[in-house]
Amino acid sequence: MTGDGGDRAARRLDRPARVLVTNDDGVLAPGIRWLARAAYERGLDVVVAAPQSEASGMSAALSAVTDEGRVVFTGTELVGLPEVPAYAVAASPGYIAMLAGLGVFGPPPELVLSGINRGANAGHAILHSGTVGAALTAGNGGARALAVSLDVLSPAAASVGSGGAAIAVLDTLDDEARHWSTAADLAGRLLPWLLDAEPATVLNLNVPDLPADEVAGLRQATLAPFGQVQVTVTESGHGYVRTAIEENGARRVPGTDLAWLADGYAAVTVVRALGDLPDVVVPTST
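1. What to know about the nonpolar core
Part 1 of the argument: Judged by nonpolar contacts, the single largest core of 41 residues is most densely connected at V21, V46, V48, L113, L146 and L205.
Part 2 of the argument: For this core, the leading source of residues is helix 5 (residues 180-195), giving nine residues.
Part 3 of the argument: What V21 contacts, discounting residues up to four positions off in sequence, is I32, L35, A36, V46, V47, V48, A49 and L113.
Part 4 of the argument: L99, F105, A145 and A147 belong to the second-largest nonpolar core, a separate cluster that totals 21 residues.

This is the structure in C-alpha coordinates:
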(Lines give C-alpha, C1' and ligand atoms only; values in the text may rest on other atoms or scores of the structure.)
Protein backbone atom coordinates (compact mmCIF):
# COMPACT_ATOMS: atom_id res chain seq x y z
CA MET A 1 0.00 0.00 0.00
CA THR A 2 1.27 3.46 -0.82
CA GLY A 3 -1.12 5.94 0.76
CA ASP A 4 0.48 9.38 1.03
CA GLY A 5 3.94 7.88 1.52
CA GLY A 6 5.66 10.71 -0.32
CA ASP A 7 4.32 13.29 2.09
CA ARG A 8 5.23 11.19 5.10
CA ALA A 9 8.74 10.64 3.77
CA ALA A 10 9.13 14.39 3.32
CA ARG A 11 8.04 14.99 6.90
CA ARG A 12 10.61 12.50 8.16
CA LEU A 13 13.35 14.56 6.53
CA ASP A 14 12.59 17.24 9.12
CA ARG A 15 12.75 14.91 12.11
CA PRO A 16 13.20 11.20 12.76
CA ALA A 17 10.09 9.17 13.39
CA ARG A 18 9.25 8.63 17.05
CA VAL A 19 9.36 4.93 18.00
CA LEU A 20 8.27 3.09 21.14
CA VAL A 21 9.91 -0.29 21.74
CA THR A 22 8.15 -2.59 24.19
CA ASN A 23 7.74 -6.33 24.82
CA ASP A 24 6.13 -8.88 27.13
CA ASP A 25 9.31 -10.67 28.30
CA GLY A 26 10.33 -7.74 30.49
CA VAL A 27 12.57 -4.74 30.02
CA LEU A 28 15.75 -6.72 30.78
CA ALA A 29 15.11 -9.43 28.19
CA PRO A 30 17.75 -9.61 25.43
CA GLY A 31 15.28 -9.39 22.55
CA ILE A 32 14.18 -5.86 23.38
CA ARG A 33 17.78 -4.63 23.27
CA TRP A 34 18.26 -6.02 19.77
CA LEU A 35 15.00 -4.52 18.54
CA ALA A 36 15.73 -1.12 20.06
CA ARG A 37 19.20 -1.18 18.54
CA ALA A 38 17.77 -1.99 15.09
CA ALA A 39 15.54 1.09 15.25
CA TYR A 40 18.19 3.35 16.80
CA GLU A 41 20.84 2.43 14.22
CA ARG A 42 18.40 3.38 11.47
CA GLY A 43 18.23 6.92 12.83
CA LEU A 44 14.83 6.73 14.50
CA ASP A 45 13.91 8.55 17.71
CA VAL A 46 13.64 5.59 20.08
CA VAL A 47 12.21 5.28 23.58
CA VAL A 48 11.91 1.94 25.40
CA ALA A 49 9.11 1.25 27.87
CA ALA A 50 8.41 -2.34 28.85
CA PRO A 51 7.07 -4.39 31.75
CA GLN A 52 9.37 -4.50 34.75
CA SER A 53 8.87 -8.28 34.85
CA GLU A 54 7.55 -11.11 32.70
CA ALA A 55 4.11 -10.33 31.24
CA SER A 56 3.60 -13.07 28.66
CA GLY A 57 0.14 -14.25 27.71
CA MET A 58 -1.40 -10.89 28.60
CA SER A 59 -2.99 -10.31 25.19
CA ALA A 60 -4.07 -6.63 25.02
CA ALA A 61 -4.96 -6.43 28.71
CA LEU A 62 -4.91 -3.00 30.33
CA SER A 63 -3.57 -3.99 33.71
CA ALA A 64 -1.08 -2.35 36.04
CA VAL A 65 0.24 -2.40 39.57
CA THR A 66 -0.68 0.96 41.07
CA ASP A 67 0.44 2.92 44.08
CA GLU A 68 -2.44 5.07 45.32
CA GLY A 69 -3.84 5.06 41.79
CA ARG A 70 -0.51 5.88 40.12
CA VAL A 71 1.05 3.59 37.51
CA VAL A 72 4.67 3.38 38.58
CA PHE A 73 7.65 3.39 36.21
CA THR A 74 11.35 3.87 36.77
CA GLY A 75 14.20 4.83 34.49
CA THR A 76 16.64 2.11 33.52
CA GLU A 77 19.41 1.56 30.97
CA LEU A 78 19.70 -1.05 28.27
CA VAL A 79 23.11 -2.68 27.99
CA GLY A 80 24.93 -1.19 25.02
CA LEU A 81 22.31 1.52 24.43
CA PRO A 82 23.00 4.29 26.95
CA GLU A 83 21.68 6.88 24.47
CA VAL A 84 18.19 5.37 24.42
CA PRO A 85 15.86 6.36 27.29
CA ALA A 86 14.28 3.29 28.85
CA TYR A 87 11.62 2.71 31.49
CA ALA A 88 10.56 -0.31 33.52
CA VAL A 89 6.79 -0.08 33.92
CA ALA A 90 4.54 -1.91 36.37
CA ALA A 91 1.99 -2.57 33.65
CA SER A 92 1.01 -4.92 30.84
CA PRO A 93 2.40 -4.41 27.31
CA GLY A 94 -0.96 -3.22 25.96
CA TYR A 95 -1.30 -0.69 28.77
CA ILE A 96 2.23 0.56 28.08
CA ALA A 97 1.40 1.04 24.39
CA MET A 98 -1.72 2.98 25.37
CA LEU A 99 0.22 5.15 27.84
CA ALA A 100 2.82 5.90 25.17
CA GLY A 101 0.06 7.04 22.84
CA LEU A 102 -1.05 9.46 25.55
CA GLY A 103 2.42 11.00 25.70
CA VAL A 104 3.52 9.48 29.02
CA PHE A 105 7.02 8.60 27.77
CA GLY A 106 7.55 11.66 25.58
CA PRO A 107 5.98 12.54 22.23
CA PRO A 108 3.42 9.91 21.16
CA PRO A 109 5.05 7.35 18.85
CA GLU A 110 4.30 7.05 15.17
CA LEU A 111 5.58 3.50 15.29
CA VAL A 112 5.45 0.82 18.00
CA LEU A 113 7.83 -2.15 17.92
CA SER A 114 7.03 -5.06 20.23
CA GLY A 115 9.53 -7.85 20.91
CA ILE A 116 11.72 -9.56 20.10
CA ASN A 117 9.69 -12.25 21.85
CA ARG A 118 11.27 -15.45 23.14
CA GLY A 119 9.11 -17.92 21.19
CA ALA A 120 6.99 -17.69 18.05
CA ASN A 121 3.63 -15.93 18.09
CA ALA A 122 1.82 -17.49 15.16
CA GLY A 123 -1.58 -18.67 14.06
CA HIS A 124 -4.85 -17.60 15.64
CA ALA A 125 -3.23 -18.08 19.04
CA ILE A 126 -1.74 -14.59 18.66
CA LEU A 127 -4.98 -13.53 20.35
CA HIS A 128 -3.31 -14.45 23.66
CA SER A 129 0.10 -12.89 23.03
CA GLY A 130 1.20 -9.86 25.02
CA THR A 131 3.72 -9.10 22.27
CA VAL A 132 1.05 -8.94 19.59
CA GLY A 133 -1.42 -7.37 22.02
CA ALA A 134 0.82 -4.34 22.43
CA ALA A 135 1.10 -3.94 18.64
CA LEU A 136 -2.66 -4.26 18.16
CA THR A 137 -3.32 -1.76 20.93
CA ALA A 138 -0.97 0.70 19.22
CA GLY A 139 -2.70 0.09 15.90
CA ASN A 140 -6.07 0.66 17.50
CA GLY A 141 -4.76 4.08 18.55
CA GLY A 142 -3.67 4.91 15.00
CA ALA A 143 0.06 4.10 15.19
CA ARG A 144 1.83 1.72 12.86
CA ALA A 145 3.15 -1.31 14.69
CA LEU A 146 5.32 -4.40 14.30
CA ALA A 147 5.39 -7.42 16.60
CA VAL A 148 8.56 -9.52 16.30
CA SER A 149 9.14 -13.04 17.64
CA LEU A 150 12.02 -15.54 17.48
CA ASP A 151 10.99 -19.17 17.11
CA VAL A 152 13.03 -20.66 19.97
CA LEU A 153 10.32 -22.80 21.50
CA SER A 154 10.10 -26.52 21.92
CA PRO A 155 6.57 -27.56 22.93
CA ALA A 156 7.85 -29.37 26.03
CA ALA A 157 9.16 -26.05 27.38
CA ALA A 158 6.02 -24.03 26.78
CA SER A 159 4.00 -22.29 29.47
CA VAL A 160 0.33 -22.92 30.00
CA GLY A 161 0.07 -19.21 30.81
CA SER A 162 0.30 -18.47 27.09
CA GLY A 163 -2.98 -20.24 26.35
CA GLY A 164 -1.18 -21.92 23.46
CA ALA A 165 0.49 -18.79 22.14
CA ALA A 166 3.92 -20.43 22.30
CA ILE A 167 5.39 -18.54 25.22
CA ALA A 168 8.46 -20.29 26.56
CA VAL A 169 9.64 -21.01 30.06
CA LEU A 170 13.23 -21.52 29.05
CA ASP A 171 16.57 -21.46 30.76
CA THR A 172 17.47 -17.81 30.23
CA LEU A 173 21.17 -18.50 30.71
CA ASP A 174 21.45 -19.35 27.02
CA ASP A 175 19.34 -16.43 25.81
CA GLU A 176 22.31 -14.36 24.67
CA ALA A 177 23.40 -17.18 22.35
CA ARG A 178 20.16 -17.09 20.38
CA HIS A 179 19.95 -15.44 16.98
CA TRP A 180 18.31 -12.20 18.03
CA SER A 181 20.32 -10.35 15.40
CA THR A 182 18.59 -12.33 12.63
CA ALA A 183 15.16 -11.19 13.78
CA ALA A 184 16.35 -7.64 14.45
CA ASP A 185 17.80 -7.34 10.95
CA LEU A 186 14.62 -8.58 9.28
CA ALA A 187 12.54 -6.22 11.42
CA GLY A 188 14.82 -3.35 10.45
CA ARG A 189 14.32 -4.10 6.77
CA LEU A 190 10.56 -3.81 7.19
CA LEU A 191 10.68 -0.41 8.91
CA PRO A 192 10.89 1.81 5.79
CA TRP A 193 7.85 0.09 4.28
CA LEU A 194 5.94 0.23 7.55
CA LEU A 195 6.66 3.91 8.10
CA ASP A 196 5.16 4.62 4.68
CA ALA A 197 2.14 2.36 5.23
CA GLU A 198 -1.28 3.60 6.20
CA PRO A 199 -1.72 4.60 9.85
CA ALA A 200 -2.87 1.69 12.06
CA THR A 201 -1.09 -0.91 9.88
CA VAL A 202 0.09 -3.78 12.11
CA LEU A 203 2.57 -6.50 11.11
CA ASN A 204 3.40 -9.74 12.91
CA LEU A 205 6.87 -11.13 12.12
CA ASN A 206 8.11 -14.58 13.12
CA VAL A 207 11.74 -15.53 12.50
CA PRO A 208 13.52 -18.89 12.83
CA ASP A 209 16.24 -19.08 15.48
CA LEU A 210 18.96 -19.45 12.85
CA PRO A 211 21.94 -17.49 11.54
CA ALA A 212 20.80 -14.98 8.94
CA ASP A 213 22.38 -16.88 6.05
CA GLU A 214 20.47 -20.03 7.01
CA VAL A 215 17.02 -18.42 6.89
CA ALA A 216 15.41 -19.46 3.61
CA GLY A 217 13.85 -16.03 3.04
CA LEU A 218 10.95 -13.81 4.10
CA ARG A 219 7.41 -14.65 3.03
CA GLN A 220 4.09 -12.92 3.56
CA ALA A 221 1.77 -15.34 5.31
CA THR A 222 -1.74 -15.85 6.53
CA LEU A 223 -2.47 -16.92 10.10
CA ALA A 224 -2.57 -20.65 10.72
CA PRO A 225 -5.94 -21.80 12.04
CA PHE A 226 -4.26 -23.02 15.23
CA GLY A 227 -1.31 -22.18 17.44
CA GLN A 228 2.15 -23.72 17.60
CA VAL A 229 1.13 -25.58 20.75
CA GLN A 230 -2.14 -26.35 22.48
CA VAL A 231 -3.44 -26.65 26.02
CA THR A 232 -4.73 -30.00 27.22
CA VAL A 233 -6.36 -31.08 30.48
CA THR A 234 -4.29 -33.74 32.25
CA GLU A 235 -6.18 -34.00 35.52
CA SER A 236 -9.38 -32.64 37.01
CA GLY A 237 -11.09 -33.00 40.34
CA HIS A 238 -13.33 -31.24 42.79
CA GLY A 239 -12.49 -27.54 42.54
CA TYR A 240 -9.30 -27.88 40.49
CA VAL A 241 -7.87 -28.69 37.08
CA ARG A 242 -4.34 -29.40 35.89
CA THR A 243 -3.28 -28.48 32.36
CA ALA A 244 -0.27 -29.07 30.16
CA ILE A 245 1.13 -27.93 26.84
CA GLU A 246 1.68 -30.25 23.90
CA GLU A 247 2.60 -29.84 20.27
CA ASN A 248 -0.36 -29.13 18.03
CA GLY A 249 -0.68 -32.12 15.73
CA ALA A 250 -2.94 -30.42 13.20
CA ARG A 251 -1.83 -30.48 9.57
CA ARG A 252 0.17 -27.45 8.51
CA VAL A 253 -1.75 -25.32 6.05
CA PRO A 254 0.38 -24.11 3.10
CA GLY A 255 0.93 -20.36 3.02
CA THR A 256 0.39 -19.85 6.73
CA ASP A 257 2.92 -18.50 9.18
CA LEU A 258 3.50 -21.88 10.86
CA ALA A 259 3.98 -23.62 7.52
CA TRP A 260 6.62 -21.08 6.40
CA LEU A 261 8.42 -21.35 9.76
CA ALA A 262 8.49 -25.13 9.44
CA ASP A 263 10.19 -24.74 6.05
CA GLY A 264 12.86 -22.42 7.46
CA TYR A 265 11.40 -19.10 6.30
CA ALA A 266 10.60 -15.99 8.27
CA ALA A 267 6.91 -15.12 8.01
CA VAL A 268 5.22 -11.71 8.12
CA THR A 269 1.47 -11.26 8.42
CA VAL A 270 -0.66 -8.14 8.26
CA VAL A 271 -3.03 -8.36 11.22
CA ARG A 272 -5.73 -6.21 12.75
CA ALA A 273 -7.56 -5.83 16.00
CA LEU A 274 -11.05 -7.21 16.44
CA GLY A 275 -13.73 -5.64 14.28
CA ASP A 276 -17.41 -6.04 13.55
CA LEU A 277 -18.93 -8.33 10.89
CA PRO A 278 -21.53 -6.17 9.13
CA ASP A 279 -22.53 -8.99 6.73
CA VAL A 280 -23.83 -11.17 9.58
CA VAL A 281 -27.41 -10.17 10.31
CA VAL A 282 -28.81 -10.81 13.77
CA PRO A 283 -32.62 -10.69 14.16
CA THR A 284 -33.46 -7.78 16.42
CA SER A 285 -37.26 -7.73 16.28
CA THR A 286 -39.09 -9.11 19.31
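2. Quick word on the sheet that holds strand 5 (residues 73-78)
Part 1 of the argument: Taken together, the nine strands give an open sheet; going across it, the order is 5-6-2-1-7-8-9-13-10, and neighbouring strands pair in mixed fashion. Each end of this open sheet is capped by a strand with a single partner; those strands are strand 5 and strand 10 (218-220). Here the average twist between neighbouring strands, direction ignored, is 25°.
Part 2 of the argument: Sheet topology note: the strand 10/strand 13 (residues 266-271) ladder contains three bridges and is parallel. Its bridge partner lying in strand 13, R219 is registered against A267.
Part 3 of the argument: Against the sheet, helix 2 (residues 30-40) touches strand 1 (18-22), strand 2 (45-51), strand 5, strand 6 (81-89), strand 7 (111-118) and strand 8 (144-151), its axis set at about 145° to strand 7.

3. What about the packing of helix 2 against helix 5?
Part 1 of the argument: One can describe the packing of helix 2 onto helix 5 by two numbers: an axis separation of 9 Å at closest approach and a directional angle of 35°. Crossing handedness for the pair helix 2 and helix 5: right-handed. Between helix 2, through P30, G31, W34, L35, A38 and A39, and helix 5, the contact on the second element is made entirely by W180, S181, A184, A187 and L191.

4. Quick word on the confidence of the model for the protein
Part 1 of the argument: For the protein, per-residue confidence averages 84 on the pLDDT scale, and residues scoring 70 or more make up 82% of the total.
Part 2 of the argument: Ranking the elements of the protein by mean pLDDT puts helix 1 (residues 5-14) last with 48 and strand 1 first with 98.

5. Section: the pairing of strand 7
Part 1 of the argument: Counted residue by residue, strand 7 has eight buried out of eight residues, so it is predominantly covered.
Part 2 of the argument: Summarising the sheet, strand 1 and strand 7 pair through four bridges and their orientation is parallel. The residue of strand 7 that forms the bridge with V19 is L111.
Part 3 of the argument: Note: strand 7 against strand 8, six bridges, orientation parallel. Its bridge partner lying in strand 8, S114 is registered against A147.
Part 4 of the argument: On the question of chirality, the crossover connecting strand 7 to the parallel strand 8 by way of helix 4 (residues 130-140) is right-handed.

Reading the values: rules and limits
- Residues numbered from 1 in each chain as written.
- Predicted model: local features only at pLDDT ≥ 70, side-chain atom pairs only at ≥ 80, totals over all residues.
- Heavy atoms only, no water.
- Core = buried A, V, L, I, M, F, W, Y, C linked by side-chain atoms within 4.5 Å.
- Buried < 20%, exposed > 50% of the residue type's maximum accessible area, 1.4 Å probe, protein only.
- Helix = DSSP H or I, 4+ residues; strand = E, 2+ residues; numbered from the N terminus.
- Contact = heavy atoms within 4.5 Å.
- Pairing = 2+ DSSP bridges.
- Axes fitted to C-alpha atoms, helices over the stretch in contact; angles between N-to-C directions.
- Left-handed = near helix turned anticlockwise from the far one by under 90°.
- pLDDT = per-residue confidence, 0-100.
- Right-handed = clockwise from strand over helix to strand, strands pointing away.

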